[in-house]
Amino acid sequence: MASQGLTYEGCNFFRQRLVLSTLSGKWVKIKNIRSKDDSPGLQDFEASFIRLMDKITNGTRIEINQTGTVLYYQPGLLFGGQVEHECNPQRSIGYYLEALLMLAPFMKKPLRAVLRGVTNDQKDPSVDTLKVTSIPLMKSFGIDGEGLELKIMKRGMPPGGGGEVLFTCPVRRTIRPVQLTDPGKIKRIRGTAYSVRVSPQIANRIVDSARSILNKFIPDIYIYTDHMKGGNAGKSPGFGLALVAESTNGMFLSAELASNPQGQGSPMLPEDLGCNCAKLLLEEVYRGGCVDSTNQSLALLYMTLGQQDVSKLLLGPLSPYTREFLRHIRDFFQIMFKIEVQKQEDESRRGGDKVLMTCMGAGYANISKTLK
Amino acid sequence: MEAKEQKRHQRKQSGPKAERKKSRKQRAPGAEPDEDERRRNPRAFAVQSAVRMAKTFHRAQDLKTKKHHIPLVDRTPLEPPPVVVVVVGPPRVGKSTIIRCLIKNFTRQKLGDICGPVTIVSGKKRRLTFIECGNDINTMIDLAKVADLVLMLIDASFGFEMETFEFLNILQVHGFPRIMGVLTHLDSFKNNKTLRKTKKRLKHRFWTEVYQGAKLFYLSGMVHGEYQAQEVKNLGRFISVMKFRPLVWQTSHPYVVADRMEDLTDPETLRVDPKCDRTVSLYGYLRGTYLKNKGQVHIPGVGDFAVADVSFLPDPCPLPEEQKKRALNQKERLLYAPMAGVGGVVYDKDAVYIDLVSSHVDQPQAEMRPTAELVQSLIGTHATLDAKLAASKVSLFSGAAAMTPGEAENLGEQQAPLENRVWDPVTQRERRKAVFSDDEEEGDGDESYEGDEEGQSEQGEQLSEEEEEEHEYSGEEEEEECSDEEGLQGGDEEEKSSGARESKVGEARRGQDEEEKAPRVKRQRLERVEAKPPVEMPAFADSEDDLEMSGDDGEQSEEDEREGAEGGTADSGHCSEEEVDDDDEDEAEDDNEEKQDGKEEEDDEEDDDYDDDEDSDMETEVTAPVNISKPVKAKVSVLSEEAEEDDGDAGELGNESTGALRWKEGLAQKASEAFLRQQQAAPNLRKLVYGSVIEEQNSPSDEDADEIGGLFRVSRPEKSRSRRVDAMDCSRFVPDSPHDWDQEEVLNSIRDCFVTGKWEESKDAATLLKEDEELYGDFEDLETGEVHHGKPAKEEDSAEESGEEEEEVMVKEDAEEEQKKKRLEKKRRLKERFDSEYDDGDATYFDDLKEEMQKQAELNRAEFENIDDEARVQYEGFRPGMYIRMEIPGLPCEFVNNFDPHYPIILGGLGASEGNVGYLQMRLKKHRWHQRILKTRDPLILSLGWRRFQSIPLYHIEDHNGRHRLLKYTPQHMHCGATIWGPITPQGTGFLAVQSVSGTQAGFRIAATGVILDLDKSVTIVKKLKLIGYPYKIFKNTAFIKGMFNTMLEVAKFEGASVRTVSGIRGQIKKALRTPSGAYRATFEDRILMSDIVLLRSWCPVSVPQLYNPVTSLLQPVGQKDSWSGMRTLGQLKRDLGLRNKPNQDSLYKPVVRTKRHFNPLHIPKQLQKALPFKSKPKQDQKKGKTPRHLQRPAVIREPHERKVAALLTALSTVHNYKTKKAKAEQHAKHKEFLKQKEREEMEKLKRQKEARKKMYRIMGQKEKKRERSSLKGSSKDD
């Protein structure tokens, strides 16, 4: 029996492809991975990601050619359970965690993953951000209850890493359709200013500068300072800020910024970092929507995998990553979204144009879950 | 013997009893008596026991909640597909007759052979599809999965047959659709009573199988080979008002019961290789749920296939439009059964097949058929002149068609094999395909020829010709519409089909002719299309597309220019529908020409231009994220930037320079520009994400076009693409051109996003407060009598009015209206608040859930309602109820060659990852009616999901510790686990198993039933393994054991494992020994013997054989479809090959020879003996043997006197003995005599009595005789 599959080129959107392949059961073949690069083939962090996928699934077949430029991935069944993974420090844990967030509700056993590596870096969404944005988002899709938790045990900054994160997620058979069309108004801003292996004063400096900008809009701001010491502080020094704005309807928009890794780039002033991060948050608010730009694809995936009902979601402008994700969803699940642009009137001071995404769920049911 | 009729009960009319009853009756209505009783006898109504009351309450609640089902979202389509009515029963029970009668009842038409599904319109809101189910178990299984209603025919004269019960069991496993039993052959009962009894017996048996009170219908007798009209009518009524239950599998999977099949394979490849894989299009109503294009389907009896293309066609059997009328008129009573050769006009994507009734000589009532009416209505359609012109060309062309009649025949056969089979050639009924292409024209020519032969009147011929024209035209339109709206398939399909047709004809000249003609027609169409107002155009009728139109206006000139230059090609980002069409046509033309004349360079140039353009377009669009990072770009959201890139194709450079200028301009201007750009961008968002559909379709031809003259390739800077393809995989969306958040204007732009900003009118705190004031403002303080007034609500309004007195009356009226509205609004809100306060208490969780579901259902219905079907299909997939055409490539040739319309073809859609194979764990129970238990590793045919397949199950049972232990056989009457290698199917799906699907065997065929529990890629079944070892040295509790393992390593693996001797002494493996390899040291709880055997009980995993063998019963030759046989069981193999198992000699049972056991004497130590009590002391006495001499007693020698005395005594006693003996004998004889005497007396007494009786009887007899005689005499006197 020949199952269906898809072929792609290039290493970009690598995670999307593997995740969707695992969920849809279609095999995927990725060719020409960095074939013209100086260092061709899969890189360490991708290999680490594949290993993680292998750990959470059962019966997955992975074939990689000699140079690592061709990957064949035949997914198995999502298994879950206790997983420990050493994430490659080239990318932060967020890189791996984003995929886990997508897969976790569809496992056979509730996932309990311990990920070790870099918790905050400049490339990927940090664990702090995912904790405050993705987890509430999952709750709105009916994935809630006891088990859903993301806990930062230790912090680790690049290049050394050494952080540790615990992610647990319950299992669901079906996902609820959502109608998130009204983001509401932002009622409070929270944040975490963290610093490891540097002066604890730095966090306070960040907080002050960030507040100076955000105070123009709203007084309800509280930014926690999180200074970790000793074993919990990881291997490299660094600091950063993650901000989140909560709306009256329980939507979360986030922004974050981390310092340059040790030995790379010029050292940053904490004041600048705070200011820039606050501005990033304002930018995010300008974009608006019910889901912030990093979680767009997660929300769209859950909408796709819902029951055969209409889901609606208001988003800010679609990020390139999301756009490719939509294309991939069409490839794997044959589902297209109705995309409507909601114009903002001139005098309304509510940021940029929004996009209303509507789709009919695929009627996906978790086939891994055991029937007792 | 009839039973005596009982006397009926007479009700008392008077008397105290009657009065009492009367009074009670009078009192009964009304609650008073209750009250009275309550008052009179309060104890009877008091709480006797709180516990019992609680129990009663609990029970009442339990019963109430039991009635609740988990509410589900109502997903039934607005226009449901026809109801599938499956008619089942053993052979010769009257299945076809009942279908025929029902069809006649509903449509007033007679259908000869029931071949394949027959769809009819049965009422204003209901259509029915009748399918006859043969006696083959494959068919029964397949149809049970798609049935909505099962008419179960039972031959009452015979009683139930095994098939009926088998079918019931199949239904139970695959969800339980509605069942209606129909008893036939009731006229064979001569006796009314047996008839009644039989009915009752059958009814009760049926009820136990289905449910108490299941409907059983009686068809009493036949009239002229049909059932009685009234009875059929009643049955029809039952069917047409029946409600159906949603079945889990059916509602979660899309499926199609194909009612039409066409082979699309290229005839040339067919000629070259008659056994090549076929491309087949299958038609039918979509049922179940939404079907996504390009999915995977399973065809039971054939296998899994990927669908190449799905498209929807106009409904061939639509429901009547006006709903007001009471009954259907004749026109609306449609019948559609292409497999049975009925259906009139059948549409295809690129063809229309017409069954011409006029040429039908044998059927006099043909005019009455709705099909004919359909054709007539088609004739009635008004055709434009150009269409007629085009058509007339075709008819001109048909004159030459007679040149290759053989070819045409061939074609016809291949296109419609069913009809050939179904219809007798004697009836001369042809099937005409009216298509706007060469092969069709050929067919036309032929048909007109035939018409001549038949000697039809000229008029008729003309009519038919006209008809043809009409149909051709309509077909063309159809096609147009398809290509117009679909866009997706449009160009490509046309290209393909035209190409295919060309090759079919195989004549160059004709092909050229066609080339010359076809495009012209298409151009005509094009013009027409372009003339249409733009509103009608958008294929994806999003609201944005209209905007696009308006947005495009500004750039129209620019685009026009480009179009002029490129000859009608347009860029993908902007292509509105006309342009798309244009492109398609051009492309199609080009391609055709290419095929025709080889590669022409001029054409290629054009193509290249076009393709290049498109490609570059794609790239710009695609590389957008990379480009954005250029700092020159204006400050706008990425959205708008993409748009810019889209419209700004080639002139990026210019754009950039302007962008650089703009950078320094004022913010307001920038904002307005951004706004403009956004407006332009909006419509393209969809295309931006999903790309232009046409682009994708054309991409292969793009690659072809890359080659210039077949030698050189156009080399394009690959960098951008590769960069994108290998870019960093990151979900963060970093703003490329961040706003300057130091400026006040920018800050103001998001001011309202915060709670501190301005709220909407309806949610503003001030408004809310005011409303509250309005609602609750007026009140009267009851204590003081003071009346408080809220602020007059319309103060402002009135103020405004007074201020604007000069306004006209109209405005005032408006204001009044407004006031009224506001009042209403206020009322509504008040009511809402009241409701929410007072209803909330009652509303349970269940109610809330139900309401939520209701809302969701409404949303589902409303969301895509206004979009036209072409776009809608892309968003939600094909809706159930649509008539669709599925193109499936790669079907085995046997499917077409051995096609038999009597066997249903079902296309079952597969969900995500249901196309994969893996291990399935299920709970299984041998069917209690199946005679034998099932053996592990015997192949079994399972029906699971859509599939029927053979697999090898391993049976197992779960031990108390969760271990799955392998079983050799299924338990007799118990569930057990089973694991197979098979298709991934969601848990909770039921399955059934049979041992063979070929022929009919004795006994009940369904071997087992069960349910899927778990899917896993690995198995956990284990079987017991006992390892044996022998001690070779024994210390106290320690022993050295050898022979269990071979190496030290093996021992090391089992260190700490527990062992046991045969006698039950437990122990543990400690450590491996060096010398005899594999030996180890073990400790036991007691000292073991050298003769003991040491056992190690372990479990070894068993692997499940990976056999998945779909039952390909549909591929069997016609007439042998029920003879599929797969892998044989070991037993069958041995039987067939005549092999007998040679058992291991050691395993044979032999007579047990037991050696006599010899026990050593028990030795008790002396010390112990001493201590023992006497009772337990070993007794020393020997057995009595010969008494030794010294112990022998001496003999007694008597004295002579003594001797005499003794002798006398002996003599005396002897005498005495003799005397007593004698006396006894005497006594005995005396007694005997006495008994004899007594008996004799008795006898005599009896004798005497007998005599006396005799005497008496004689006298009595004589008396009687006398009386008789006297009476006779009397009577004789009378005479």
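Scroll up to find the structure this text is about.
These notes cover the structure that comes with them. (Residues numbered from 1 in each chain as written. Chains lettered and ligands numbered in written order. Predicted model: local features only at pLDDT ≥ 70, side-chain atom pairs only at ≥ 80, totals over all residues. Heavy atoms only, no water.)

Looking at the overall build of chain A
For step 1, the next point in the chain: Across its full length, chain A carries eight helices and 18 strands.
For step 2, the next point in the chain: Per-residue burial for chain A yields a buried fraction of 65% across its 372 residues.
For step 3, the next point in the chain: In chain A, the proportion of contacts linking residues at least 24 apart, taken out of those at least 6 apart, comes to 74%.
For step 4, the next point in the chain: Within the structure as shown, chain A displays about 12,300 Å² of accessible surface, and the carbon and sulfur contribution to it stands at 46%. (Helix = DSSP H or I, 4+ residues; strand = E, 2+ residues; numbered from the N terminus. Buried < 20%, exposed > 50% of the residue type's maximum accessible area, 1.4 Å probe, protein only. Contact = heavy atoms within 4.5 Å. Areas by Shrake-Rupley, 256 points an atom, 1.4 Å probe, with all protein chains shown as cover.)

A look at the overall build of chain B
For step 1, the next point in the chain: In terms of helices and strands, chain B carries 41 helices and 39 strands.
For step 2, the next point in the chain: The burial tally for chain B puts 44% of its 1279 residues in the buried class.
For step 3, the next point in the chain: A fraction of 74% describes how many contacts in chain B between residues 6 or more apart in sequence connect residues 24 or more apart.
For step 4, the next point in the chain: For chain B, the computed accessible surface area is about 74,800 Å², with 53% contributed by carbon and sulfur atoms.

Observations concerning a negative patch on the surface
For step 1, the next point in the chain: A cluster of acidic residues, B:E813, B:D814, B:E816, B:E817 and B:E818, forms a negative patch on the protein surface.
For step 2, the next point in the chain: Assignment of secondary structure puts B:E817 in helix α34 (residues 809-839). (Patch = residues over 30% accessible without salt bridge, like charges linked within 9 Å, V, L, I, M, F, W, Y side chains within 5 Å. Salt bridge = Lys/Arg side-chain N within 4 Å of Asp/Glu carboxyl O. Lys, Arg positive; Asp, Glu negative; His and termini not counted. Charge placed at Lys NZ, Arg CZ, Asp CG, Glu CD.)

Thoughts on the environment of A:F239
Residues and elements named next belong to chain A.
For step 1, the next point in the chain: With respect to the secondary-structure elements, F239 resides in strand β14 (residues 238-247).
For step 2, the next point in the chain: For F239, a relative accessible area of 8% gives the class buried.
For step 3, the next point in the chain: Taking the C-alpha atoms as reference points, F239 and A193, separated by 46 residues in sequence, lie 7.5 Å from one another.
For step 4, the next point in the chain: Each residue touching F239, except ones within four places of it in the same chain, is listed here: M157, Y194, S195, V198, I202, I206, A258, S259, M268, P270 and L273.

Here's the deal with the interface of chain B and chain A
For step 1, the next point in the chain: Residue-level contacts link 86 residues of chain B with 97 residues of chain A.
For step 2, the next point in the chain: A buried area of about 8,600 Å², summed over both sides, lies between chain B and chain A, and 55% of it is on carbon and sulfur atoms.
For step 3, the next point in the chain: When the buried surface of chain B facing chain A is broken down by residue, B:Y690, B:D729 and B:R732 rank first, second and third, together holding 10% of it.
For step 4, the next point in the chain: Here chain B and chain A share eight salt bridges between them. (Buried area = accessible area lost by both parts, 1.4 Å probe.)

Re the pattern of salt bridges
For step 1, the next point in the chain: Within this structure, the stated rule accounts for 49 salt bridges over all chains.
For step 2, the next point in the chain: The partner of B:D263 in a salt bridge is B:R278, with the nearest N and O atoms 3.2 Å apart. In this pair, B:D263 sits in strand β10 (residues 260-263) while B:R278 sits in strand β11 (residues 278-287), placing the two residues 15 residues apart along the sequence.
For step 3, the next point in the chain: Classification of B:D263 by relative accessible area gives buried; the value is 2%.
For step 4, the next point in the chain: The exposure class assigned to B:R278 is buried, which follows from its relative accessible area of 4%.
For step 5, the next point in the chain: One connected set of salt bridges, linked through shared partners, spans A:E84, A:E86, A:R116, A:K154 and A:E164.

Re the packing of helix α3 (residues 93-103) of chain A against helix α4 (residues 127-140) of chain A
Two measures define how a pair of helices packs: the angle their axes make with one another and the distance between the axes.
Residues and elements named next belong to chain A.
For step 1, the next point in the chain: Contact geometry for α3 and α4: axes closest at 11 Å, N-to-C directions at 10°. Here α3 is positioned roughly parallel relative to α4, judged by the angle of their axes. Judged by residue contacts, I93, G94, L97, E98 and L101 of α3 engage V127, L130, S134, I135 and M138 from α4.
For step 2, the next point in the chain: Here the contact of α3 with α4 is built from residues that sort into seven nonpolar, two polar and one charged. (Axes fitted to C-alpha atoms, helices over the stretch in contact; angles between N-to-C directions. Parallel < 35°, antiparallel > 145°, perpendicular 65-115°, else oblique. Nonpolar A, V, L, I, M, F, W, Y, C, P; charged D, E, K, R; others polar.)

Observations regarding the side chain of A:D353
All names here are of chain A.
For step 1, the next point in the chain: Here D353 is to be found in the loop between β17 (338-342) and β18 (354-360).
For step 2, the next point in the chain: Despite its burial, D353 pairs with no opposite charge, the nearest such side chain being K343 at 4.1 Å.
For step 3, the next point in the chain: Here Q344 takes part through its backbone nitrogen, which lies 3.4 Å from a polar atom of the side chain of D353. (Polar contact = N/O pair within 3.5 Å; in protein donor to acceptor, adjacent residues only side chain to side chain.)

Considerations on the packing of helix α2 (residues 44-56) of chain A against α3(A)
Residue and element names in this part refer to chain A.
For step 1, the next point in the chain: Viewed as axis vectors pointing N to C, α2 and α3 meet at an angle of 30°, and their least axial separation amounts to 10 Å. With respect to their mutual orientation, α2 and α3 come out roughly parallel. For α2 against α3, the interelement crossing comes out right-handed. Only Y95, Y96, A99, L100 and L103 of α3 make contact with α2, whose side of the interface consists of F45, E46, S48, F49, L52, M53 and I56. (Left-handed = near helix turned anticlockwise from the far one by under 90°.)

Topic: the pairing of strand β36 (residues 1066-1072) of chain B
Residues and elements named next belong to chain B.
For step 1, the next point in the chain: Two strands pair when backbone bridges link them, and strand β35 (residues 1058-1061) and β36 are joined in this way by three bridges, in the antiparallel orientation. Opposite R1060, over in β36, you have R1066 as the bridge partner.
For step 2, the next point in the chain: Linking two consecutive strands that pair antiparallel, namely β35 and β36, is a turn of four residues; a positive phi of about 100° is found at G1064 within it.
For step 3, the next point in the chain: Bridge analysis of β36 against strand β37 (residues 1080-1084) gives five bridges, and the strand direction is antiparallel. Considered in β37, the bridge of I1069 is made with A1082. (Pairing = 2+ DSSP bridges.)

So, the pairing of strand β24 (residues 905-909) of chain B
Residues and elements named next belong to chain B.
For step 1, the next point in the chain: Burial within β24 is extensive, with five of its five residues counted as buried.
For step 2, the next point in the chain: In β24, alternate side chains face the same way, and those of I905, L907 and G909 on one face and I906 and G908 on the other are all buried.
For step 3, the next point in the chain: In this structure, strand β12 (residues 296-299) lies alongside β24, joined through two bridges in antiparallel fashion. From the neighbouring strand, V297 faces β24, where its bridge partner is G909.

A few points about the nonpolar core
For step 1, the next point in the chain: Ranked by internal contacts, the top residues of the largest apolar core, which has 94 residues, are A:L18, A:L23, A:F167 and A:F337.
For step 2, the next point in the chain: If sequence neighbours within four positions are ignored, A:F167 has contacts with A:L97, A:L100, A:L101, A:A104, A:L111, A:R112, A:A113, A:I135, A:L148, A:E149 and A:L150.
For step 3, the next point in the chain: The next biggest cluster of nonpolar side chains, apart from the first, holds 49 residues, and it includes B:I137, B:I170, B:L171 and B:A214. (Core = buried A, V, L, I, M, F, W, Y, C linked by side-chain atoms within 4.5 Å.)

Comments concerning the side chain of B:R333
All names here are of chain B.
For step 1, the next point in the chain: You can see R333 is positioned in the loop between β14 (309-313) and β15 (335-336).
For step 2, the next point in the chain: Take R333: its relative accessible area is 14%, and that puts it in the buried class.
For step 3, the next point in the chain: At 2.8 Å, the side chain of R333 and the backbone oxygen of F106 are in polar contact.

Considering the packing of aromatic side chains
For step 1, the next point in the chain: Tallying each qualifying case throughout the model produces 31 aromatic pairs over all chains.
For step 2, the next point in the chain: Note on B:Y336 and B:Y883: the rings are 5.7 Å apart at their centroids and 85° apart in plane angle, and the pair reads as edge-to-face. Here B:Y336 is found in strand β15, whereas its partner B:Y883 is found in strand β23 (residues 883-891), with 547 residues between them in sequence.
For step 3, the next point in the chain: Looking at B:Y883, the relative accessible area reads 3%, which means it is buried.
For step 4, the next point in the chain: Over the ring of B:F733 we find A:R287; its NZ or CZ atom is 4.0 Å from the centre of that ring. (Phe/Tyr/Trp six-rings, centres within 6.5 Å; stacked < 30°, edge-to-face > 60°. Lys NZ or Arg CZ within 6 Å of the ring centre and 35° of its normal.)

Focus on the sheet that holds strand β15 (residues 252-258) of chain A
In a beta sheet, neighbouring strands pair by backbone hydrogen bonds and run either parallel or antiparallel.
Residues and elements named next belong to chain A.
For step 1, the next point in the chain: Spatially, the four strands line up as an open sheet ordered β13-β12-β14-β15, and their pairing is mixed. Two strands close off the open sheet at either side, each with one partner strand: β13 (221-228) and β15. Going from strand to strand, the sheet's axes swing by 15° on average, the running direction of each strand aside.
For step 2, the next point in the chain: Summarising the sheet, β14 and β15 pair through seven bridges and their orientation is antiparallel. Paired with A242 across the two strands is E256, which belongs to β15.

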